[in-house]
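Survey of secondary and tertiary structure
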Amino acid sequence: MTNTYAALLRGINVGGYKKVPMAELRSVLEGLGHGDVRTYLQSGNAVFSSTKKDPAALARELEKAIEAHFGFRVACLVVDGAYLRAVAEACPFPAAELEGKQLHATFFSEQPAADRFAAIDQSAYLPEEYRLGDRVLYLYAPDGLGRSKLAEALAKPAVTKGVDATTRNWNTVAKLVELTGGGTGKTT
């Protein structure tokens, strides 16, 4: 039985740095023996099927393959469709009522301790807000991520040190839920 996964690459194809063409990323994933490989946008989203069951091991394997192929390290998170669907269903903000650029999900390689966020006074950033979930942080930024002061505070090393994190807007989250079968039991 195969599972469908999404690989979320951090910090590629931004400002001309860490260029990872999606066609080459697909080839790298296929070279690792994965099937049904597709990419979404140019910002490091890939969907693939695999008989392997350990998303963390898949992420480490992909990181090594990317470094061998491209010559630089890229943090990768691998999640399955059921997890993505759970993230979407647990969203504490009214996703259907918001524009995709207003709502973001930051995915973590492991659950960060809640005390890392203790120094962030949420009331100082209103109307922006965040909520923690299962290895994810939901961020409501009504003026978009690029103008978000709360996003800046959440990205500081005191919060993220030692944890790989990568952010996607809600449109991308919804599309990845769809592309992975959203945990509907669909296998390839």
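Residues numbered from 1 in each chain as written. Predicted model: local features only at pLDDT ≥ 70, side-chain atom pairs only at ≥ 80, totals over all residues. Heavy atoms only, no water.

**Structural notes on the nonpolar core**
- In this structure, L84, F93, F107, V136, Y138 and W170 are the most contacted members of the largest nonpolar core, which totals 22 residues.
- For this core, the secondary-structure elements that each account for two or more residues are strand 1 (3-9), strand 4 (76-80), helix 3 (81-89), strand 5 (103-108), strand 7 (136-140) and helix 6 (170-179).
- Ranked by residues supplied to this core, first place goes to helix 6 with five residues.
- Counting residues in hydrophobic clusters, the runner-up holds 21 residues, among them V20, M22, I66 and V74. (Core = buried A, V, L, I, M, F, W, Y, C linked by side-chain atoms within 4.5 Å. Buried < 20%, exposed > 50% of the residue type's maximum accessible area, 1.4 Å probe, protein only. Helix = DSSP H or I, 4+ residues; strand = E, 2+ residues; numbered from the N terminus.)

**Thoughts on the packing of aromatic side chains**
- Applying the stated criterion across every chain yields a total of six aromatic pairs.
- Judged by centre distance (6.2 Å) and plane angle (45 degrees), the rings of Y138 and W170 are tilted. A residue pair is termed long-range when its members are at least 10 positions apart, and Y138 in strand 7 and W170 in helix 6 qualify at 32 residues.
- The cationic tip of R135 hangs over the ring face of Y83; the distance from NZ or CZ to the ring centre is 4.2 Å. (Phe/Tyr/Trp six-rings, centres within 6.5 Å; stacked < 30°, edge-to-face > 60°. Lys NZ or Arg CZ within 6 Å of the ring centre and 35° of its normal.)

**Focus: the packing of helix 1 (residues 22-31) against helix 2 (residues 55-70)**
- Across the interface, helix 1 lies against helix 2 with an axial gap of 10 Å and an inter-helix angle of 125 degrees. Here helix 1 lies oblique to helix 2, going by the angle between them. Once helix 1 is placed against helix 2, the crossing between them reads as right-handed. Residue-level inspection shows E24, L25, V28 and L29 of helix 1 in contact with helix 2, the latter providing L62, A65, I66, H69 and F70.
- Considering only residue class, the contact of helix 1 with helix 2 consists of seven nonpolar, one polar and one charged. (Axes fitted to C-alpha atoms, helices over the stretch in contact; angles between N-to-C directions. Parallel < 35°, antiparallel > 145°, perpendicular 65-115°, else oblique. Left-handed = near helix turned anticlockwise from the far one by under 90°. Contact = heavy atoms within 4.5 Å. Nonpolar A, V, L, I, M, F, W, Y, C, P; charged D, E, K, R; others polar.)

**Examining the side chain of T180**
- Of note, T180 is situated in the segment after helix 6.
- Taking relative accessible area as the criterion, T180 reaches 4% and is therefore assigned buried.
- A polar side-chain atom of T180 sits 2.8 Å from the main-chain carbonyl oxygen of L176. (Polar contact = N/O pair within 3.5 Å; in protein donor to acceptor, adjacent residues only side chain to side chain.)

**A few points about the environment of K101**
- Tracing the backbone through its elements, the reader meets K101 in the loop between helix 3 and strand 5.
- Here the alpha-carbon distance between K101 and N169, two residues 68 residues apart in the chain, equals 5.8 Å.
- When near neighbours in sequence (up to four residues on either side) are disregarded, K101 contacts A141, G144 and L145.

**Notes on helix 1**
- Three or more residues of helix 1 are buried, namely M22, L25, V28 and L29. What you see down the axis of helix 1 is that its buried residues fit within an arc of 110 degrees, all on one side.
- Its buried side turned inward, helix 1 meets strand 1, strand 2 (35-40), strand 3 (45-50) and helix 2.
- G33 occupies a position one or two residues after helix 1 and carries a positive phi of about 95 degrees. (Arc of directions from axis to C-beta.)

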